[in-house]
Amino acid sequence: MKTKMLYTIKWKDTEVGNVITNDKEEYRYIPNIENIKKLARQGMPCTLVINPQREWKKTLPKYIANRLKLNTPQKRLITDYFSIEE
């Protein structure tokens, strides 16, 4: 099965996780636990990004899917330092 990186999740420009996709258009979320632990001491709300999506699923993790809907160039509603890069 072929995989590729789809999104990088960052908090204040530090990577906290990645969403990967496969050739079946399924997704997995892999958190960077080491960075999350460091950033939690700086005030990052880690509960949003610490849980991995271990199984391949047809849907993105709920937080990431919701965030992509809200954080469009026309609507900058979110100001908690999280960003999602393609």
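Residues numbered from 1 in each chain as written. Predicted model: local features only at pLDDT ≥ 70, side-chain atom pairs only at ≥ 80, totals over all residues. Heavy atoms only, no water.

## A look at the sheet that holds strand β7 (residues 82–85)
Within a sheet, neighbouring strands are paired by backbone hydrogen bonds and run either parallel or antiparallel to one another.
Piece 1. The strand order across the open sheet formed by 5 strands is β4-β3-β2-β1-β7, and the pairing between neighbours is antiparallel. Across the chains shown, the open sheet's two edge strands, defined by having one partner strand only, are β4 (53–57) and β7. Neighbour-to-neighbour, the strand axes of the sheet open up by a mean angle of 20°, direction not taken into account.
Piece 2. Bridge analysis of strand β3 (residues 27–31) against β4 gives 2 bridges, and the strand direction is antiparallel. Note on β4: the bridge partner recorded for tyrosine 27 is lysine 57.
Piece 3. Each of β1 (3–11), β2 (14–22) and β3 is contacted by helix α1 (residues 33–40), which is oriented at about 145° to β2, the strand it contacts most.
Piece 4. Lying over the sheet, helix α2 (residues 62–70) contacts β1, β2, β3 and β7, oriented at roughly 85° with respect to β7. (Pairing = 2+ DSSP bridges. Helix = DSSP H or I, 4+ residues; strand = E, 2+ residues; numbered from the N terminus. Axes fitted to C-alpha atoms, helices over the stretch in contact; angles between N-to-C directions. Contact = heavy atoms within 4.5 Å.)

## With respect to the environment of tyrosine 81
Piece 1. Mapping tyrosine 81 onto the fold places it in the loop between β6 (75–76) and β7.
Piece 2. When the C-alpha positions of tyrosine 81 and aspartate 13 are compared, they lie 8.3 Å apart, and in sequence the two are 68 residues distant.
Piece 3. Leaving out residues up to four positions away in the same chain, tyrosine 81 has contacts with Lys10, Trp11 and Lys12.

## A short note on unusual backbone geometry
Piece 1. Its identity as a non-glycine residue notwithstanding, aspartate 13 has a phi of 70°, on the positive side.
Piece 2. In this fold, aspartate 13 is placed in the loop between β1 and β2.
Piece 3. Residue aspartate 13 is classed as exposed on the basis of its relative accessible area, which comes to 67%.
Piece 4. Phi angles above zero are rare outside glycine, and glutamate 25 is one such case at about 60°.
Piece 5. Examined against the element boundaries, glutamate 25 turns out to sit in the loop between β2 and β3.
Piece 6. Taking the relative accessible area as the measure of exposure, glutamate 25 reaches 59% and is therefore exposed. (Buried < 20%, exposed > 50% of the residue type's maximum accessible area, 1.4 Å probe, protein only.)

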